[in-house]
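Examination of the molecular architecture
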Amino acid sequence: MLNYIWAALLISAFVFAGVSDIGDLSRDTYRNGQPLPVVLEFPQGTAAIDGRTQVRIRINAGVYQDFYRTDESPAESYDGVLLRTGEGMVLRFDAGAALPEPLETIRGVSRSNDDELQGTVEGFLTPVLGLGDDPTAAQATVQFEPVRFVKMTAIGAAALDFAETAAGIAIGLIGVLALFLGVMKIAEEAGIIYAIVRVVRPVLRPLFPDVPDDHPALGMIALNLTANVFGLGNAATPFGIKAMEELQKLNPSEDTATNPMVMLLAVNTASVQLVPPVLLLALLGLQINRLIFAIIITTGLSLLVAIIAARLYGKLPGSRASDPNRTRPFGEQPREAGRDSRRGEG
């Protein structure tokens, strides 16, 4: 179901971006194909080195606003470089230049390898004297690369970036899952899980009344909640997955969650944290001490709200009608799929 939701959101984003980009093209927001008038100043003593000449770029605010039909104004001047190439003269703004819109957006398309805004110089006039601190100056026009479908390109790039991030996270979890699942298997074979079940049974029984008293799912749930309490997110993930797998063994349905599964998801999502997450410790250092009580109070209240919401949701008529255990007689605990309920029979 989540795949359909994400697909719908992605399609909607592309639709809205396409409408916005078509509007930009119809309004000619970026003035594609039309050169921007500028003044290039050559400070006295500046010489061309390897075809590169340091220049100061001035853009008249009124001309800029009329040209791009905007209320934003450029800075008084920008430092830049004038390059002589085989295809003509190229003007580059400094990489750190604070550009107004739409030049900032144009920089994302018409740029050098170092992300500097650049354009082809056209209409270059003979330098004249008399501007600024008596530098040599020249009127010119700069033609930038055409800008089209900016928002759709940005959404596509973001989707690819997040896909790469998701793949990196998934690959990074393989080692963590292998380690903790192996530890859980050893603990299960050694009887440690069942010992944990006996210890936590009085605490978890009110939250998971449908789970049998001696079922290993209670132990997995306890390990998952403990990992969350101590801020061990990487350890909590495999414990939570294993707990869900154990709860699924009690589920007669393959495509509908039971009340214990819903409660585990709610409690796991809003679990109390006594130890701040590692990420916050890395970001705030010793200042994290100011947030410890706030974290405990917030997560405690969220846990309480999650438990109450899960309980109330399970009592709604629609939820009760879809409960996979609705046909089980009152007071009878569910059995694992494929297991005979009569212990001791061959």
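Residues numbered from 1 in each chain as written. Predicted model: local features only at pLDDT ≥ 70, side-chain atom pairs only at ≥ 80, totals over all residues. Heavy atoms only, no water.

Some points on the overall build of the chain
Test applied: Put simply, DSSP H or I for four residues or longer makes a helix, DSSP E for two residues or longer makes a strand, and each gets a number counted from the N terminus. Only protein chains enter the accessibility calculation, which uses a 1.4 Å probe; a residue is then buried when its area is under 20% of its type maximum, exposed when over 50%, and partly exposed in between. Only heavy atoms enter the contact rule, under which two residues are in contact if any of them lie within 4.5 Å. All accessibility values rest on the Shrake-Rupley procedure with a 1.4 Å probe; residue burial counts only the protein chains present in the view.
A count of helical and extended segments in the chain gives eleven helices and seven strands. The buried share of the chain, reckoned over its 346 residues, is 34%. Partitioning the contacts of the chain with sequence separation of at least 6, the portion at a separation of at least 24 is 59%. If you sum the accessible surface of the chain, you get close to 21000 Å²; carbon and sulfur atoms cover 61% of it.

Brief notes about the pairing of strand E4 (residues 88-93)
Applicable threshold: DSSP bridges decide pairing: two strands pair if at least two such bridges lie between them.
As paired strands, strand E3 (residues 78-85) and E4 are joined by six bridges and run antiparallel to one another. Across the sheet, residue Leu83 finds its bridge partner in E4, namely Val90. Once E3 ends, the chain turns through two residues before running back antiparallel as E4. When E4 meets strand E5 (residues 118-122), the two strands line up antiparallel, connected through three bridges. Opposite Leu91, over in E5, you have Gly119 as the bridge partner.

Digging into the environment of Thr153
Among the structural elements, Thr153 can be located in helix H4 (residues 150-189). Look at Thr153 and you get exposed, because its relative accessible area is 51%. Sequence-wise, Thr153 and Phe14 are 139 residues apart; in three dimensions their C-alpha atoms are separated by 9.4 Å.

Some details on empty space enclosed by the protein
To keep it simple, the criterion reads: Whether a set of points on the 1 Å grid over the protein atoms alone is a cavity depends on a 1.4 Å probe fitting there but being unable to get out, while an open set qualifies as a pocket with protein on both sides within 12 Å along at least five of seven lines; lining residues are those with an atom within 4 Å of a point. Grid points are joined across faces, edges and corners, and a volume is the space filled by probe spheres set on the points. Basically, the charged four are Asp, Glu, Lys and Arg, the nonpolar ten are Ala, Val, Leu, Ile, Met, Phe, Trp, Tyr, Cys and Pro, and anything else, Gly included, counts as polar.
Across all of its chains, the model carries two cavities of 30 Å³ or more by this definition. Its volume calculated, the largest cavity comes out at about 70 Å³. Every residue lining the largest cavity is counted, 16 residues in all, and those nearest its centre are Tyr30, Arg31, Gln34, Tyr68 and Phe144. Every element with two or more residues in the lining of the largest cavity is listed here: helix H2 (61-68) and strand E7 (136-143). Class assignment for the residues of the lining of the largest cavity results in ten nonpolar, four polar and two charged.

Considerations on the packing of helix H8 (residues 259-269) against helix H10 (residues 292-315)
Each pair of packed helices can be summarised by the angle the axes make with each other and by the distance between the axes. Spelled out, the test is: Only the stretch in contact is used when a helix axis is fitted, and all axes are lines through C-alpha atoms; the angle between N-to-C directions ranges over 0 to 180 degrees. Note that the term roughly parallel is reserved for angles under 35 degrees, roughly antiparallel for angles over 145, roughly perpendicular for angles of 65 to 115, and oblique for everything else. If you view the pair so one helix is near and one far, a crossing is left-handed when the near helix is turned anticlockwise from the far one by less than a right angle, and right-handed when it is turned clockwise.
Relative orientation of the contacting elements H8 and H10 amounts to 160°, with a least axis distance of 9 Å. By the criterion of interaxial angle, the relationship of H8 to H10 is roughly antiparallel. Two packed elements cross with a definite hand, and for H8 against H10 that hand is right-handed. Residues Asn259, Met263, Ala266 and Val267 of H8 pack against Leu303, Ala306, Ile307, Ala310, Arg311 and Gly314 of H10. Of the residues in the contact of H8 with H10, the class split is seven nonpolar, two polar and one charged.

Some details on helix H6 (residues 216-229)
Heads up, the condition is: Helices are assigned an expected span. That span is 1.5 Å times one less than the residue count.
End to end, H6 covers 20 Å across 14 residues, agreeing with the expected 20 Å (1.5 Å per residue, within 8%). Burial runs high along H6: twelve of the 14 residues are buried. Those residues of H6 not exposed but buried are Pro216, Ala217, Leu218, Gly219, Met220, Ile221, Ala222, Asn224, Leu225, Ala227, Asn228 and Val229.

Section: the pattern of salt bridges
Here is the rule we go by: For this analysis, a salt bridge means a side-chain nitrogen from Lys or Arg found within 4 Å of a carboxyl oxygen belonging to Asp or Glu.
Inspection of every chain in the model, using the stated rule, returns eleven salt bridges. In this structure, Glu116 and Arg92 form a salt bridge, with 3.9 Å as the shortest nitrogen-oxygen distance. Of this pair, Glu116 sits in the loop between helix H3 (103-107) and E5 while Arg92 sits in strand E4, and the two are 24 residues apart along the sequence. What makes Glu116 buried here is its relative accessible area of 17%. A salt bridge links Arg107 to Glu104; the nearest nitrogen and oxygen atoms lie 2.5 Å apart. Residue Arg107 and its partner Glu104 are located together in helix H3, separated by three residues, close to a single helical turn. Classification of Arg107 by relative accessible area gives buried; the value is 11%.

A look at the packing of aromatic side chains
What counts, and what does not: Within 6.5 Å between ring centres, the rings of Phe, Tyr and Trp (the latter by its six-membered ring) count as paired, and their orientation is classed by plane angle as stacked under 30 degrees, edge-to-face over 60, tilted in between. Two limits define a charge over a ring: the Lys NZ or Arg CZ must be within 6 Å of the ring centre, and within 35 degrees of the ring normal.
Tallied over the full model, the rule gives three aromatic pairs. With a centroid separation of 4.8 Å and 90° between ring planes, the pair formed by Phe67 and Tyr68 is classed as edge-to-face. Through successive ring pairs, a cluster of aromatic residues spans Tyr64, Phe67 and Tyr68. Positioned over the ring face of Phe67 is Arg31, at 4.6 Å from the centre of the ring.

Some thoughts on the confidence of the model for the chain
In plain terms, the rule: A score between 0 and 100, pLDDT records how confident the predictor is in each residue.
On average, the chain scores 78 in pLDDT, and the residues at 70 or more come to 78%. Looking over the chain, one finds the lowest element-wise mean pLDDT in strand E6 (residues 128-129), namely 44, and the highest in H2, namely 93. Segment residues 338-346 is flagged for pLDDT under 50; beyond a separation of four residues in sequence, or across chains, it makes three contacts in the model.

Considering unusual backbone geometry
Most peptide bonds take the trans form, and the phi angle of most residues other than glycine is negative. Note the cis peptide between Glu101 and Pro102, where omega equals 5°. Checked against the element boundaries, Pro102 lands in the loop between E4 and H3. The backbone phi angle of Arg31 is positive, close to 50°, even though this residue is not glycine. Relative to the helices and strands, Arg31 is located in the loop between helix H1 (2-27) and strand E1 (36-42). The class for Arg31 is buried, based on a relative accessible area of 13%.

With respect to the pairing of E5
Summarising the sheet, E5 and E7 pair through three bridges and their orientation is antiparallel. Counterpart to Glu122 in the pairing with E7 is Thr141.

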